[in-house]
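Structural characterization, general
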Amino acid sequence: MDFLNVCGVSKLYEGHRALDNVSLSIPEKSIYGLLGPNGAGKTTLIRIINQITAPDSGYVWLKGKSFSRKDVSRIGYLPEERGLYKDFGVEEQIVYLSRLKGLSKNIAKERCRFWLKKLDLLNNAKRKTGSLSKGMQQKIQFIVAVIHEPSLLILDEPFNFLDPSSQSII
């Protein structure tokens, strides 16, 4: 059985067809890439899978069942555009967003410290997110995407702003 099925998904924005009857099946424990030029609908499809927006037609199934809002907590999503709170401290932000994905405060703090150390951000744990470089912010976005150990990980342009050594770690 496939882990994720997208069947006949279409999306129209103000007369522009962003997706036209898109179908795909992704097996469990696999890596799948969406490739195409800007405007091809990759981000629209990712937003539909994450239930940020709804398709005009078609459906998304997860493990053979209709996809529900609660399934969103099983997804780790690193969007192309950063969505961090600039006035939050790094650790404070990661723990807060981890709690929204269902982690307890203690587990969130423990995993946060692990990832901050792994990505060489531990010395920045108390700094405001808005004061960090774009590369450091991208690392934080990555941590937030993986910290709750999701069943499905969606990375949209994950290497933006990262130096080669950080890309290698990720």
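Residues numbered from 1 in each chain as written. Predicted model: local features only at pLDDT ≥ 70, side-chain atom pairs only at ≥ 80, totals over all residues. Heavy atoms only, no water.

1. Concerning the pairing of strand 3 (residues 57-62)
What counts here: Two strands are said to pair when DSSP picks up at least two bridges between them. Note on conventions: DSSP H or I runs of at least 4 residues are helices, E runs of at least 2 residues are strands, and numbering of each starts at the N terminus.
Both strand 1 (residues 2-13) and strand 3 contribute to a ladder of five bridges, which runs antiparallel. Note that in strand 3 the partner of Ser10 across the bridge is Ser57. Pairing between strand 3 and strand 4 (residues 65-66): two bridges, direction antiparallel. Counted as the bridge partner of Trp61 is Ser66 from strand 4. Connecting strand 3 to the antiparallel partner strand 4 that follows it, the hairpin turn spans two residues, and Lys63 within it adopts a positive phi of roughly 55°.

2. Describing a nonpolar patch on the surface
Filter applied, for reference: Candidate patch residues must exceed 30% relative accessible area and have no salt bridge, after which like charges are joined if within 9 Å and Val, Leu, Ile, Met, Phe, Trp or Tyr side chains if within 5 Å. Surface exposure here means Shrake-Rupley accessible area, sampled with a 1.4 Å probe, where a residue is shielded only by the protein chains that are shown. Put simply, a salt bridge is a Lys or Arg side-chain nitrogen that is within 4 Å of an Asp or Glu carboxyl oxygen. Relative accessibility under 20% of the residue-type maximum defines a buried residue, over 50% an exposed one, and the middle range a partly exposed one, all with a 1.4 Å probe and only protein chains included.
Residues Tyr85, Tyr96 and Leu100 make up a contiguous nonpolar surface patch of roughly 320 Å² in combined accessible area. Tracing the backbone through its elements, the reader meets Leu100 in helix 2 (residues 90-100). Among the residues examined, Leu100 registers a relative accessible area of 57% and is labelled exposed.

3. Observations regarding the pairing of strand 5 (residues 75-78)
Because side chains alternate across strand 5, one face comprises the buried residues Ile75 and Tyr77, and the other comprises Gly76 and Leu78, equally buried. With four bridges joining them, strand 5 and strand 6 (residues 152-155) adopt parallel strand pairing. Residue Tyr77 lies in a different strand from strand 6, and its bridge partner there is Ile154.

4. Overview of the environment of Leu132
Heads up, the rule is: What makes two residues a contact is simply this: any of their non-hydrogen atoms within 4.5 Å.
Looking at the secondary structure, you find Leu132 in the loop between helix 3 (105-118) and helix 4 (134-146). Residue class for Leu132 comes out buried when judged on its relative accessible area of 7%. When the C-alpha positions of Leu132 and Val95 are compared, they lie 18 Å apart, and in sequence the two are 37 residues distant. Aside from chain neighbours lying at most four places away, what touches Leu132 is Val90, Asn124, Arg127, Gln137 and Ile140.

5. Observations concerning the nonpolar core
In plain terms, the rule: Nine residue types can take part in a nonpolar core, namely buried Ala, Val, Leu, Ile, Met, Phe, Trp, Tyr and Cys, and a core is a set of them joined through side-chain atoms within 4.5 Å.
With 22 residues, the main nonpolar core has Ile94, Trp115, Leu116, Ile140, Ile143 and Ile147 as its most contacted residues. Among the elements that take part in this core, helix 4 stands out by supplying six residues, more than any other. Leave out the neighbours within four places in its chain, and Ile147 touches Ile94, Ser98, Leu103, Ala108, Arg111, Cys112 and Trp115. Counting 19 residues, the second-largest nonpolar core is a separate cluster that includes Leu24, Ile46, Val60 and Ile154.

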